[in-house]
Amino acid sequence: MLVTYPEAAHWPIDPDRLDLVEEFRRQPRGPHGDELQKLLHRLRWAGDPDQPGRYVLIVTQPGKEWMLGRLPRQRGKPIELMRNHVFTSIAEAEWEVFKLRWEAVTGRTLPPHLSEKLA
Amino acid sequence: MTDTTSVLGYAWPMVVSPGEDVAFHLSSPSLSKADAALVRVRCGDPDPAGPGIRVHEMDASFERTVPLVHQIIRPGSCAIVADAPALTSFQSFTVGAFLWPTMPGDRAQTVLSRWREDAQEGWRLGLDSDGHLEFVVAAGGRTWRVATAAALLSREWVLAGASWDAEAGRIAVMVRSADPQAGRDRSECVEAAGPTALEWPAEVPLVIAAHASDAEVFGGFYDGKIDRPRVHAGVQPIDGLHRLCESVSFPMADARLVAAWDFSREIGSDRVTDLSAHHLHGRLRQMPTRGMTGANWDGSTDRWTDCPTQYGAIHFHSDDMADAEWEPTVRFTVPAEWRSGFYALRLRAEAGDEPVESFVGFFVRAELGKPRSKLAFVASTGTFLAYANSALRLDQVHAEAMLEGVLTLSRDDVYIQEHREVGLSTYDTHADGSGWSISSARRPILNMRPRGNVFNYGNDTHFIDWLEETGQDYDVITDDDIHRHGVQVLAPYICVVTGSHPEYISREVWEAFDAYQRGGGRHMYLGGNGFYWRIAYHPTVPHTIEMRRGMTGLRTWEGEAGETALAFTGEPSSTWRSNGRPPQRLVGVGFDGQVFTHSSPYRWLDGAKDPALSWLTAGIDLAAPLGDFGLRGNGAAGVEIDRVDWSLGSPPGTVWLATADRLGYGGTPAPEEIRTLHRGVMGDQNAQVRADLVYFPTANGGAVFATGSIAWVCALSHAGYRNNVSQLTGNVLKRFLDPTPL
């Protein structure tokens, strides 16, 4: 049986590389440089191992509004809807998820100028 | 947020002719009624950047308010052998089979039984909740149980059985590992006290891979393979059981042989055959996977048709689901004057804060031999079934990385995450990790309806929307009908269009398109990754397909060795490319990669500048990019893409019109495009990852036009439908509908 393992992505993340955070913030939907691509691959592949499920967006209004959720790793278990995290653009949602993941994987809080919502 | 799931349903049949009846099987756990209307679908994609949901309410004599009840879906496959005198005419007995369990220890599972769970009567052989083999006999309020000390291993063959010796008052379970080496040995025989006499329960079926929960419902479903199950009215030690299970014919029948099922007989059917003198044949429910390698498979062949006796296993799944078995809620006779098309039953209700709007998709076909247009659009029903209720994004680790962004899930996805009983798609794996190879339409299909997740069905409605916008008349025909009637379905049309993603193709459908081309037909293939996987339709059950992913192609699961042949027909499955028919041979281009970062425009090549093709490029600036816009990644070339390849059969007469070959790092090649591992294969470095636009004339004045991109049809509506993608599509369609030979 061919299996894909969530722990397979292991590009080492340097918590001091705030330049990559800034690059993502400038252009959440890309295109991204080589190192940011690797960082994103690790975050996206691993799927938030510190959380009860992978961060996902639920479409509340097609093309207009999305809600943050957590998708459990177990089939049949409901998706957790995070009703106080609602976004009106995908870029804004990507940035919020990126921040959550960066802080989880580095164990560091982002400095104030990088922790704000996307303008 | 629109509630799309509080009422769900399916139409049967899924494809209907004008004048025929269609039944809608509906269920709601919360609503007692809904307002119903029949609609013709023009655009099913709710994206506000495009045309949005556009459906036309039909003027039909129809009950506007439909009553709703909650109808349960009962997944889980098993074999059911009706009760017979031979099943109760003994006391001491032995049962057993070869097992390849896939979820031992997940929960209690029954392998072989004549057992009533509600009454706790009869006997059953199975796995307990920890994965130990257990045997239980019970009657009159007393129960005797024996189990192995060790749990069985997942995906390892064992001979597993049990016996009851009434004379000695003993019961036993026995396991013999097929591979007893290196920590895999689970061989053991355990005895315990048993009864000296039992009165068997009356009117209980013998069930393989489950047990009777009560008189109507089955439970205790087993996950894994079962090969050569046997029942013998005598006490056999494990050697005796082994001989019984190894035997595949019983010419000098032991009178005590009660049943010996041979699952390698009638593999394409739902029947299981008993080789004993009792003819205790059975029926399968919920279509488990057949034609699977048995414990005796030796690798000498990879197709069950070559050596059926090595394919005596059925892989049962506790989540197999081929028929929701819902009662029909309303019936409708499609008026004879209705045009063919994509249709749906729209159900609306007010419930709580959210409006309910849920569609049940179905198709009205142009009746065979009675075309009403020169143009036919093919509803890719084989592909719609292959993708039915896909949970790929919910279950597969790679989905977010592949799609290059946080997963955006719809209300339907939220439902499917919780309600796996609707049955998944051929992209998914069963709960035990094995591939989902069968898909049927006797169940709600959430992504084959307006508002559903847009891939194939939703994207294809953008082309319907464009036809309606441009005032072009057309018929709709379906893969299912082409499979059944062959080129007869295509032949009446001067031009046939296949949509954004006609990916799943049976041999019959492939050959119909080939014959159509040879006969002078004109084929517009406005998609990407078409004619890619080889599927079969069920020999008798309509709207039911099977596919095996095999060992190549862009596969979301990989089949087991030796299991790439289709059970429905015995044909090989996997990609058409590995079956000697790369898509390039039929439509000039074939799948080469995906790109989800963004889509791109094409740039025109010299081939398009031939004055003989001025009809094709009329009104188009060949210096400007073609399709630098669109609803899928802001370009007409993207998502899944195809290219010309002369070595894979692109016809020598192909005119290579345009290409999108600068796709950036998001361009990822298909696995079969890479011989060996090396760097530099992604789209930023690899010119073979691209979308190509081609045209070529065929026999008898026919022609093919292909765009090689899923994103194409989603660019048609840009700028009020006035754009070069729309112009080019219109130019080709206009010329293809002109009967003058090309």
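What counts, and at which threshold
Residues numbered from 1 in each chain as written. Chains lettered and ligands numbered in written order. Predicted model: local features only at pLDDT ≥ 70, side-chain atom pairs only at ≥ 80, totals over all residues. Heavy atoms only, no water. Helix = DSSP H or I, 4+ residues; strand = E, 2+ residues; numbered from the N terminus. Rg over C-alpha atoms; globule rule 2.2 N^0.38 Å. Buried < 20%, exposed > 50% of the residue type's maximum accessible area, 1.4 Å probe, protein only. Contact = heavy atoms within 4.5 Å. Areas by Shrake-Rupley, 256 points an atom, 1.4 Å probe, with all protein chains shown as cover. Lys, Arg positive; Asp, Glu negative; His and termini not counted. Charge placed at Lys NZ, Arg CZ, Asp CG, Glu CD. pLDDT = per-residue confidence, 0-100. Patch = residues over 30% accessible without salt bridge, like charges linked within 9 Å, V, L, I, M, F, W, Y side chains within 5 Å. Salt bridge = Lys/Arg side-chain N within 4 Å of Asp/Glu carboxyl O. Buried area = accessible area lost by both parts, 1.4 Å probe. Polar contact = N/O pair within 3.5 Å; in protein donor to acceptor, adjacent residues only side chain to side chain. Nonpolar A, V, L, I, M, F, W, Y, C, P; charged D, E, K, R; others polar. Pairing = 2+ DSSP bridges. Expected span 1.5 Å × (residues − 1). Axes fitted to C-alpha atoms, helices over the stretch in contact; angles between N-to-C directions. Parallel < 35°, antiparallel > 145°, perpendicular 65-115°, else oblique. Core = buried A, V, L, I, M, F, W, Y, C linked by side-chain atoms within 4.5 Å. Phe/Tyr/Trp six-rings, centres within 6.5 Å; stacked < 30°, edge-to-face > 60°. Lys NZ or Arg CZ within 6 Å of the ring centre and 35° of its normal.

Visitor: Would you explain the overall build of chain A in this entry?
Guide: In terms of regular secondary structure, chain A is built from four helices and three strands. Counted from the first residue to the last, chain A has its helices and strands arranged as α-α-β-β-β-α-α. Since a compact globule built from 119 residues should have a radius of gyration of about 14 Å, the 15 Å found for chain A is in line with a globular shape. Referenced to the eigenvectors of the C-alpha coordinate spread, the extents of chain A come out at roughly 40 × 40 × 25 Å. For chain A, the residues scored as buried account for 42% of the 119 residues in total.

Visitor: What am I meant to see in the overall build of chain B here?
Guide: Along chain B, the regular secondary structure elements total 11 helices and 43 strands. Over its C-alpha atoms chain B spans a radius of gyration of 28 Å, differing by no more than 12% from the 27 Å that the globule rule assigns to 742 residues. Counting only C-alpha atoms and orienting by the principal axes, one finds that chain B spans roughly 95 × 60 × 45 Å. Looking at chain B residue by residue over its 742 residues, the buried ones come to 64%. For chain B, the share of sequence-separated contacts (at least 6 apart) that also reach a separation of at least 24 residues comes to 73%. A total of about 25400 Å² of accessible surface is found on chain B, and carbon and sulfur atoms cover 48% of it. Put simply, chain B has 65 plus and 92 minus side-chain charges, and the middle of one group is 4 Å from the middle of the other.

Visitor: Looking at this structure, how should I read the confidence of the model for chain B?
Guide: Segments scoring low in pLDDT should not have their predicted coordinates read at a detailed level. Residue-level pLDDT values for chain B average 97, and 100% of them are 70 or greater. On the interface metric, ipTM, the complex scores 0.98, and its pTM is 0.98.

Visitor: Explain a nonpolar patch on the surface to me, please; I cannot follow it from the model alone.
Guide: All names here are of chain A. Nonpolar side chains collect at one region of the surface, where M1, V3 and Y5 lie side by side and expose about 300 Å² of accessible area between them. Here V3 is to be found in the segment before helix 1 (18-26). The exposure class of V3 is partly exposed, given its relative accessible area of 35%.

Visitor: Looking at this structure, I do not really get the interface of chain B and chain A. What am I missing?
Guide: As a measure of interface size, the accessible area lost when the parts come together is often cited. Contact with chain B, which involves 34 residues of that partner, is made by 36 residues of chain A. Where chain B abuts chain A, roughly 2900 Å² becomes buried across the two surfaces, and 61% of that area is made up of carbon and sulfur atoms. It is V397(B), V406(B) and Y665(B) in chain B that bury the most area against chain A; as a group they hold 23% of the surface buried on that side. At the junction of chain B and chain A, the tally comes to four salt bridges. One salt bridge in this structure joins E404(B) and R44(A), with 3.9 Å as the shortest N-O distance. At the junction of chain B with chain A, the criterion picks out 14 residue pairs in polar contact (both at pLDDT 80 or more). Classifying every residue of the side of chain B that touches chain A gives 13 nonpolar, eight polar and 13 charged. Where strand 1 (residues 53-61) of chain A meets strand 29 (residues 408-409) of chain B, two bridges bridge the pair, whose relative direction is parallel. Note on strand 29 of chain B: the bridge partner recorded for I58(A) is L409(B).

Visitor: When you look at the sheet that holds strand 3 (residues 80-87) of chain A in this model, what are you seeing that I'm missing?
Guide: The pairing of strands in a sheet happens through backbone hydrogen bonds and is either parallel or antiparallel. Reading across the sheet, the four strands line up as 3(A)-2(A)-1(A)-29(B) and stay open at both edges, with mixed pairing between neighbours. Looking at which strands have only one partner, the edges of the open sheet turn out to be strand 3 of chain A together with strand 29 of chain B. The sheet contact formed by strand 1 of chain A and strand 2 (residues 65-72) of chain A spans eight bridges and is antiparallel. Looking across to strand 2 of chain A, one finds that R54(A) is bridged to L71(A).

Visitor: What should I look at first to understand the pairing of strand 39 (residues 637-644) of chain B in this one?
Guide: On any regular strand, side chains alternate: one points to one face of the sheet, the next to the other face. Residues and elements named next belong to chain B. Most of strand 39 sits out of view: eight of its eight residues are buried. With seven bridges connecting them, strand 37 (residues 589-600) and strand 39 associate as antiparallel partners. Within strand 39, the position partnered with G593 by the bridge is I641.

Visitor: Mind showing me how you'd approach the side chain of H523(B) here?
Guide: For H523(B), the position within the fold is in strand 34 (residues 522-525). Those residues in contact with H523(B) that sit more than four places away from it in its chain are V496(B), T498(B), F513(B), Y516(B), Q517(B), F531(B), V587(B), A703(B), V704(B), F705(B) and F736(B).

Visitor: How do you make sense of helix 11 (residues 724-736) of chain B when you look at a structure like this?
Guide: Note: α-helices contain 3.6 residues per turn, so residues at a spacing of three or four share the same orientation. Residue and element names in this part refer to chain B. With 13 residues, helix 11 extends 18 Å from end C-alpha to end C-alpha; this agrees with the ideal 18 Å at 1.5 Å per step. For helix 11, a buried count of 10 out of 13 residues is recorded, marking the element as mostly surrounded by other parts of the structure. What helix 11 keeps buried is the set N724, V725, S726, L728, T729, N731, V732, L733, R735 and F736.

Visitor: Is there a simple way to explain the sheet that holds strand 28 (residues 375-379) of chain B in this structure?
Guide: Residues and elements named next belong to chain B. Spatial ordering of the open sheet is given by 31-28-32-34-43-42-40-38, a layout of eight strands whose pairing is mixed. Since the sheet does not close on itself, it has two edges, and those belong to strand 31 (475-478) and strand 38 (603-604), each with one partner. Across four bridges, the pairing between strand 28 and strand 32 (residues 495-498) is parallel. Within the sheet, the bridge partner assigned to L375 lies in strand 32 and is C495. Its contacts with the sheet put helix 11 on strand 28, strand 32, strand 34, strand 38, strand 42 (691-697) and strand 43 (703-706), and the angle it makes with strand 34 is roughly 165°.

Visitor: I tried to follow the packing of helix 6 (residues 457-469) of chain B against helix 11 of chain B on my own but got confused; where do I start?
Guide: Any two packed helices are characterised by the angle at which their axes cross and by the distance between the axes. All names here are of chain B. For the pair helix 6 and helix 11, the least separation of the axes is 12 Å and the interaxial angle reads 70°. By the angle between their directions, the pair helix 6 and helix 11 is classed as roughly perpendicular. Contacts between helix 6 and helix 11 involve F463, W466 and L467 on the former and, on the latter, S726, T729, G730 and L733. Residues that form the contact of helix 6 with helix 11 fall into these classes: four nonpolar, three polar and no charged.

Visitor: Is there a simple way to explain the nonpolar core in this structure?
Guide: Residue and element names in this part refer to chain B. F342, Y602, L657, L693, W712 and L728 are the most contacted members of the largest nonpolar core, which totals 102 residues. Non-local contacts of W712, meaning those with residues more than four positions away in its chain, are made with L526, Y602, L626, A636, L693, T707, V725, L728 and T729. Grouped together as the second largest cluster of nonpolar side chains are 55 residues, F93, V111, L198 and A210 included.

Visitor: How should the packing of aromatic side chains be read in this particular structure?
Guide: To describe a pair of aromatic rings, you give the distance between the ring centres and the angle between the ring planes. Per the stated rule, a full pass over the model turns up 40 aromatic pairs over all chains. Considering the side-chain rings of F24(A) and F98(A), the 4.3 Å spacing of their centres and the 15° angle between planes classify their relative orientation as stacked. Here F98(A) lies in helix 3 (residues 90-106) and F24(A) lies in helix 1, a separation of 74 residues in the sequence. On the numbers, 6.0 Å between centres and 70° between planes, the contact of F93(B) with F135(B) is edge-to-face. One end of the pair, F93(B), is in strand 8 (residues 93-101); the other, F135(B), is in strand 11 (residues 132-139), and 42 residues separate them in sequence. As far as burial versus exposure is concerned, F93(B) and F135(B) are alike and both buried. Among the aromatic side chains, those forming a connected cluster through ring pairs are F342(B), F363(B), F377(B), F384(B), Y457(B), F463(B) and W466(B). A cation sits over an aromatic face here: R339(B) above Y474(B), 5.4 Å from the ring centre. Taking NZ or CZ as reference, R549(B) lies 4.7 Å from the ring centre of W533(B), over its face.

Visitor: Explain the environment of K734(B) to me, please; I cannot follow it from the model alone.
Guide: Within the secondary structure, K734(B) sits in helix 11. On a C-alpha basis, the gap between K734(B) and W615(B) in space is 9.0 Å, while along the polypeptide they are 119 residues apart.

Visitor: Hey, could you run me through the pattern of salt bridges in this one?
Guide: A side chain of one charge can pair with a side chain of the opposite charge if their charged atoms are brought near each other. Residues and elements named next belong to chain B. Under the definition given, this model contains 64 salt bridges over all chains. Two residues, D3 and R411, come together in a salt bridge whose shortest N-O distance is 3.9 Å. Within this pair, whereas D3 is found in the segment before strand 1 (8-12), its partner R411 is found in helix 5 (residues 411-418), the two being separated by 408 residues in sequence. Linking R145 and E134 is a salt bridge whose minimum nitrogen-to-oxygen distance equals 2.6 Å. You can see R145 sitting in strand 12 (residues 142-151) and its partner E134 sitting in strand 11, a full 11 residues away along the chain. When its relative accessible area of 43% is taken as the criterion, R145 is described as partly exposed. Through salt bridges with shared partners, a single ionic network connects R507, E508, E511, R534, E571 and R581.

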